[in-house]
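Each chain, written out:
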Amino acid sequence: MATTDTPAPTDFIREIIIRDQQTGKYGGRVHTRFPPEPNGYLHIGHAKAICLNFDLAEEFGGLCNLRFDDTNPTKEDAEYVEAIKRDVRWLGFDWGDREYYASDYFDQLYEYAVQLIKQGKAYVCDLSPEEIRLYRGTLTEPGKESPYRNRSVEENLDLFQRMRAGEFEEGSRTLRAKIDMASPNVVMRDPVLYRILKARHHRTGDRWCIYPMYDFTHCLSDSIEGITHSVCTLEFETNRPLYDWVLDTLGVYHPQQIEFARLNLSHTVLSKRKLLRLVQEGYVSGWDDPRMPTISGLRRRGYTPEAIRAFCRRLGVSKSESLVDIGLLEHYVREDLNRRAPRVMVVQRPLRVVIDNYPEDLVEEMEAINNPEDPSAGTRKVPFSRVLYIEREDFMENPPSHFYRLAPGREVRLRYAYFIRCTDVVKDPQTGEVVQVHCTYDPQTRGGDAPDGRKVKSTLHWVSARHAIPATVRLYDRLFLKENPNDVEEGKDFTDYLNPNSLEVVTGCWAEPSLASAVPGDRFQFERLGYYCMDPDSRPGALVFNRTVGLRDPYAKVLKAVLGQ
RNA sequence: UGGGGGAUCGUCCAGCGGUAGGACACCUGACUCUGGAUCAGGCGACCGGGGUUCGAAUCCCUGUCCCCCAGCCA
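Treat the numbers as computed from the prediction; the structure is a model and nothing was measured.

Caption draft 1: Main features of the pattern of salt bridges. According to the stated counting rule, one finds 52 salt bridges in the structure shown. Between Arg203 and Asp104 there is a salt bridge; the shortest N-O distance is 2.8 Å. Here Arg203, found in the loop between β6 (192-196) and β7 (210-212), pairs with Asp104, found in the loop between β3 (99-101) and α4 (106-118); they are 99 residues apart in sequence, far enough to count as distant. When its relative accessible area of 37% is taken as the criterion, Arg203 is described as partly exposed. Of the charged contacts in the structure, one is a salt bridge between Asp336 and Arg339, with a shortest N-O distance of 3.7 Å. Taken together, the residues Asp336 and Arg339, both in helix α12 (residues 326-340) and 3 residues apart, mark about one turn of the helix. Judged by its relative accessible area of 3%, Asp336 is buried.

The following block contains the structure:
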């Protein structure tokens, strides 16, 4: 299910795996893992990692584990665990019964720490956080050894045991690896392995008051699970020597860490910290606000898992950091939704049209195609009557040269219905705004074709006023105006680049009656407008749709060019 | 000024000593009962400077620029 939509790509990670299989490393086995920390929601950047890890496993006949990297109880929460599981599943991936938690390994990890102490490779350090920082040196100067570095094994064992027993204050002591305070790699200057945190863990409760650090936990979790290729992002490259050191020093099974460039998307942010701020400071309505690049946001926006997967696979995997145009993501939803979204007619900004020569009480059922890309989707009936709504922007009293929709004297086609010609307009006496258009229809053109072969330049979508059901539409635009909101100028904050018009709520829309049976999550193409997804906020008689993405609209460019000069 | 990485069309990714290719975007045109979709064509790049070689994006030297690392975060 996961790999059928796009041909398998090739990249440096797959090359490594193929080489490993040829040399018999790991006995030809491939076992990956996706290791989220449950401290926030998954976003499109995680989707790239999820696709990579699960695809790798499937392609090479291996498995991929889901593992929660839950070693910091002060930031993590069970709520996030559930959200992450739901999102990975929704994306179309299955981890079977291999749902693991680093916290499940706390006992084992503790034993490994004890072993390190016994090997003389770890010690309990009484330095305060500030002192540790001072002793660490700088990027260009070596650090100083802790005065506690040469405690005896017995003393270390005793102290570590008492750390675990809760005898010491938070922050008063740590367990540190004894490596090299003069290492040019700062990560190797006696890194902290365990810290005292008197916090309740969402899974282990109050059983522990010391918690292992990432560098100690991650490599050992990989080792315990028999991971072969531990794929992570570039910023962990400097940590790899430590990953290797822990495993080698302990003499345990040794997976290999491979780093690739994380995804950056234009016009949005993909850091949990920044996304959290957008939520907490109310710039968006929540983690699943359709403007958010979170999986839950994209889902509510109307994105399909297939589109997200196709996007992630098309990105490729490399080590050069890049900024992917969000237009590429939009391309993949359009491509997917074009294939599968049923068409429907909705008038977003209505203009009343009266067809003067159409019988007052007549209602005709027009046959409309549900999806021209998919004949099996069939047809439906759409009621037509004397008073209709068309899109306000489909009429112009004084049209510019490239405008070939409705205008006084002009004839256009109403989709699946008749040709109509504009005969008159009614204006608001106060504002001069056109409030109603009068037309005549040609009964010979029923179904949309003229027997005399005459052509019209434009086809308009419409709804019958008597049959229309009211709807609200939420038009979303890019969250940030700036291509790269992470590139913050002096004295500014990334929130300064927020797009003030990223959400426009349009009320008073009219939808064709078939939409009455839609349920939240249903996706449609509103003909000539874009792709929309019914929001859970919808109530019977008060439908709400989120615009996933607009249709490609060359005319918008023409208009812009005309207005621009 | 330490260490670790990275530089190829506007963007993203290929190219692994032998004609720099694809996708998105953009521009033409065809077709169309969605100014959608589809189809055809086009534009467009090897960070700079040296070298090795018949031949270099690829190998060597040198320079430049960008990213990451000094959490008891991950």
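Caption draft 2: Region of the structure containing the pairing of strand β21 (residues 469-476). With 7 of its 8 residues buried, β21 lies for the most part within the structure. Across 7 bridges, β21 lies against strand β22 (residues 503-511) in antiparallel orientation. Bridge pairing links Arg474 to Val505 in β22. Examined bridge by bridge, β21 and strand β25 (residues 543-550) share 4 bridges and lie parallel to one another. In the strand pairing of β25, Arg474 is matched with Asn546.

Caption draft 3: A look at the sheet that holds strand β4 (residues 122-125). One open sheet holds the 4 strands; their spatial order is β4-β5-β6-β7, and the pairing between them is antiparallel. Strands at the two margins of the open sheet, each flanked by one partner only, are β4 and β7. Going across the sheet, the axis of each strand differs from the next one's by a mean of 20°, ignoring polarity. Packing of helix α6 (residues 153-164) onto the sheet brings it into contact with β4, β5 (174-177), β6 and β7, and relative to β4 it is tilted by some 60°.

About the criteria used
- Residues numbered from 1 in each chain as written.
- Chains lettered and ligands numbered in written order.
- Predicted model: local features only at pLDDT ≥ 70, side-chain atom pairs only at ≥ 80, totals over all residues.
- Heavy atoms only, no water.
- Salt bridge = Lys/Arg side-chain N within 4 Å of Asp/Glu carboxyl O.
- Helix = DSSP H or I, 4+ residues; strand = E, 2+ residues; numbered from the N terminus.
- Buried < 20%, exposed > 50% of the residue type's maximum accessible area, 1.4 Å probe, protein only.
- Pairing = 2+ DSSP bridges.
- Axes fitted to C-alpha atoms, helices over the stretch in contact; angles between N-to-C directions.
- Contact = heavy atoms within 4.5 Å.

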